[in-house]
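# Geometric and topological summary
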Amino acid sequence: MAEIKSVGVIGAGQMGAGIAHVCALGGYDVLLHDVSEDRISLGFGQIKHNLTRQVVRGIITQDEMDAATNRLKAAPELQMIGATDIAIEAATENEEVKKSIFKALTPHLSANTILASNTSSISITRLASASDRPERFIGLHFMNPVPLMKLVEIIRGIATGADTYETAVNFARSLGKTTANAEDFPAFIVNRILVPMINEAIYTLYEGVGTVDAIDTALKLGANHPMGPLELGDFIGLDTVLSIMNVLYEGLADSKYRPCPLLVKYVEAGWLGRKSGRGFYDYRGDTPVPTR
């Protein structure tokens, strides 16, 4: 199996910063890239904030935080990622954006670099076709928030080699994660089950069966969910929820995956959830307030 010592992360948003965080804590040298140095700085700020919280809560020591911080480096140029042992793409959930990243990165890759995508729904086989190494390409779907969630879905494309798969599993487990193998079908396991539930909750709201508060309260207390489905949709990002529903609807050609028109309307309005300040809740005040 290939030995992983260095990790490149492409995308310094919530997911990319989280992946860089756990990799640095896991003892790997990490390069973090995004389209601007400002975004990389924001990513580093989020990592430092979350590491500090872990120190305060006694989850890690100050020495462990300092060591992890020292392993993190900025990669302003995408080609810098090419020298790492594994490059993990964590860009927005858009197939063309992801493919363009792999095409741009391919000429700069070391011979043995493994490519991975953190996609939560898109075909690994199709993404791998944008690279020069489909046999060394794999899906590593970390859950959000990465430092807290224990699962990583491992998804093989049609050409993914056995060595790449074993290396990816061992790498994820070295970060303290539990792995689940998922076949390369739209949305894999977690989101094929979870996101249609959120979409159904939005239909329940759209059809007037219950209010935002009633729906979330019902699922939290009636199904013992830690977060209501509408609150969870806001946390994930309604644009991401819509993207995953579209992947399911187009990929499986089943009407049960049709995105709710209300979800489409919220995304068109720019009400994407927590990250935009409004979704099914308004987050601009001290306490979130339902918007319907």
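Residues numbered from 1 in each chain as written. Predicted model: local features only at pLDDT ≥ 70, side-chain atom pairs only at ≥ 80, totals over all residues. Heavy atoms only, no water.

## Some words on the packing of aromatic side chains
- Applying the stated criterion across every chain, the model contains 6 aromatic pairs.
- With a centroid separation of 4.9 Å and 70° between ring planes, the pair formed by F102 and F137 is classed as edge-to-face. Pair noted here: F102 is in helix α4 (residues 95-105) and F137 is in strand β6 (residues 137-142), with a separation of 35 residues, a long-range link.
- For F137, a relative accessible area of 0% translates into the label buried. (Phe/Tyr/Trp six-rings, centres within 6.5 Å; stacked < 30°, edge-to-face > 60°. Helix = DSSP H or I, 4+ residues; strand = E, 2+ residues; numbered from the N terminus. Buried < 20%, exposed > 50% of the residue type's maximum accessible area, 1.4 Å probe, protein only.)

## What about the sheet that holds strand β7 (residues 151-156)?
- Within the open sheet, the 8 strands sit side by side as β3-β2-β1-β4-β5-β6-β7-β8. Their pairing is mixed. Looking at which strands have only one partner, the edges of the open sheet turn out to be β3 (72-74) and β8 (178-182). Neighbour to neighbour, the strand axes of the sheet diverge by 25° on average, direction disregarded.
- With 3 bridges joining them, strand β2 (residues 29-33) and β3 adopt parallel strand pairing. Residue pairing for β3: L31 is matched across the bridge by K73. (Pairing = 2+ DSSP bridges. Axes fitted to C-alpha atoms, helices over the stretch in contact; angles between N-to-C directions.)

In short, the description is geometric, and any link to function would need to be established separately.
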